[in-house]
Amino acid sequence: MSTIAIDATAKKDLLDRGYSRRQMGQVAALLGAAASVTAFRPAFAQSQAARGVAGAVQIGANECWTGPFPVAAEAAAKIVAQGNRYDPGDLRGQFIKTVAQVEGLPEEHVLPWPGSGDPLVRSVIAFCSPEKGLVTPDPTFESAWRAAAWLKAPVSKVPMTPGKGADVKAMLAANPKAGLYYIVTPNNPTGTITPIADLEWLAANKPADSVLLIDEAYLHFSDAPGATALAKGRKDVIVMRTFSKMFGMAGMRLGLTFADPSLHAQMMRYDGRQVTGTLPVTALACGTAAYTASDAIKARRAEMVSVREETLAHLKKRNIAFHTGSQANMFMVDWKTKQAKEMQAALLAQNIQIGRSWEIWPTVSRVTVGSAEEMSKFKVALDKILTA
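Note that the structure is predicted; figures quoted are calculated from it, not measured.

K.L.:
Run through the nonpolar core, naming residues and quoting values.
P.N.:
In terms of nonpolar packing, the biggest core is built from 76 residues, with F258, F331, W335 and F378 touching the most fellow members. Not counting residues within four places of it along the chain, the set of residues in contact with W335 comprises I320, A340, M343, L347, I354, T363, S365 and L382. The next biggest cluster of nonpolar side chains, apart from the first, holds 31 residues, and it includes L120, Y182, M240 and W358.

Put into structure tokens, the structure is as follows:
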């Protein structure tokens, strides 16, 4: 894990927030890692279990089953010839303008990133400390947990009810003085929605000096409204998006945060870098074209929903339990009498890679919705295991 230099002003700020001088090195290391997979190896190893298996169906990492929309891929291909320039034609500015227009936000509230891992970890660094904890639902995306644990910040995990979104009142009760409240909606791994009204309640009732981070990585797979209005109207709410899911751009590394400029400044105050300044021109061109492709977004969403519901119907027919309520490209299967890791291994032996489990539900596996062909292979392999 590489490290970055922290200047004297930043060191004083960290000391004032309750960090020790020894912990400053941990902050520097985490910033240097920029949420790389090497910083959070356990989850990465589980989700990548089938990468080396020839011909394996990969429905474990919540990737989209296909690549960028054709119009977006064409835009990326066209810009390759200008890849010798850092930002030909102000692609970054065009991207921000396009996103701001679609979302109804001021351009200064939109900040692009090389993926969403970096801003997630930076939010933990910026708003948590040994005195200001992190609160999340459980289960959820674990990178925030690992970042907080690395920094010795208290972590409160509030159990979710299967089929439901985050319990925001229980989250506030778990730590009424937290520095960061983190909610993924639709949630990873459950796919469930936390209603806007609940997010508004938490924003209104949490401590004034804390921040609410709303991760909408899977929003485009659902019909639920986004929380951009909260980010537009408040100075203590960040909304995060990524192009890795619906837009099929996981390998191209492009993400977004929507927030008041003062919050963005706090996220970058320790390393002094404008880390979002230079982004791959191919990702910017691809993302700009994709963001306005509303018909393609609707069609891809409808395709995913159809395949997901058909797969769940098969599970029901085979009397295999699953959690209801998913509005994303994943669902949770409860094997009841078998450990999730055992079923993950059994399916991998059939060249089917499903997702990992979470400690709170050891018999429950996350399964990504792949293409119709991939999910057909999943059903065949599952039937073979059940018959055996």
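K.L.:
I'd like to hear about the pairing of strand β4 (residues 155-159), residue by residue, with values.
P.N.:
The side-chain alternation of β4 yields one buried face, formed by S156 and V158, and one unburied face, formed by V155, K157 and P159. Sheet topology places strand β3 (residues 134-138) next to β4; five bridges connect them, and they run parallel. Its bridge partner being in β4, P137 is matched across the sheet by V158. A crossover connection joins β3 to the parallel β4 through helix α7 (residues 143-150); in handedness this β-α-β unit is right-handed.

K.L.:
Which residues make up the sheet that holds strand β9 (residues 321-322), and what are the values?
P.N.:
Strands sit in the order β9-β10-β12 across an open sheet of three strands; the sheet is antiparallel. The two strands at the open ends of the sheet, each matched to only one other strand, are β9 and β12 (364-368). Two strands pair when backbone bridges link them, and strand β10 (residues 330-334) and β12 are joined in this way by five bridges, in the antiparallel orientation. Each residue of the ladder has a partner; that of M332, found in β12, is R366. Docked against the sheet, helix α13 (residues 294-317) engages β9 and β10, running at close to 10° with respect to β10.

What counts as what
- Residues numbered from 1 in each chain as written.
- Predicted model: local features only at pLDDT ≥ 70, side-chain atom pairs only at ≥ 80, totals over all residues.
- Heavy atoms only, no water.
- Core = buried A, V, L, I, M, F, W, Y, C linked by side-chain atoms within 4.5 Å.
- Buried < 20%, exposed > 50% of the residue type's maximum accessible area, 1.4 Å probe, protein only.
- Contact = heavy atoms within 4.5 Å.
- Helix = DSSP H or I, 4+ residues; strand = E, 2+ residues; numbered from the N terminus.
- Pairing = 2+ DSSP bridges.
- Right-handed = clockwise from strand over helix to strand, strands pointing away.
- Axes fitted to C-alpha atoms, helices over the stretch in contact; angles between N-to-C directions.

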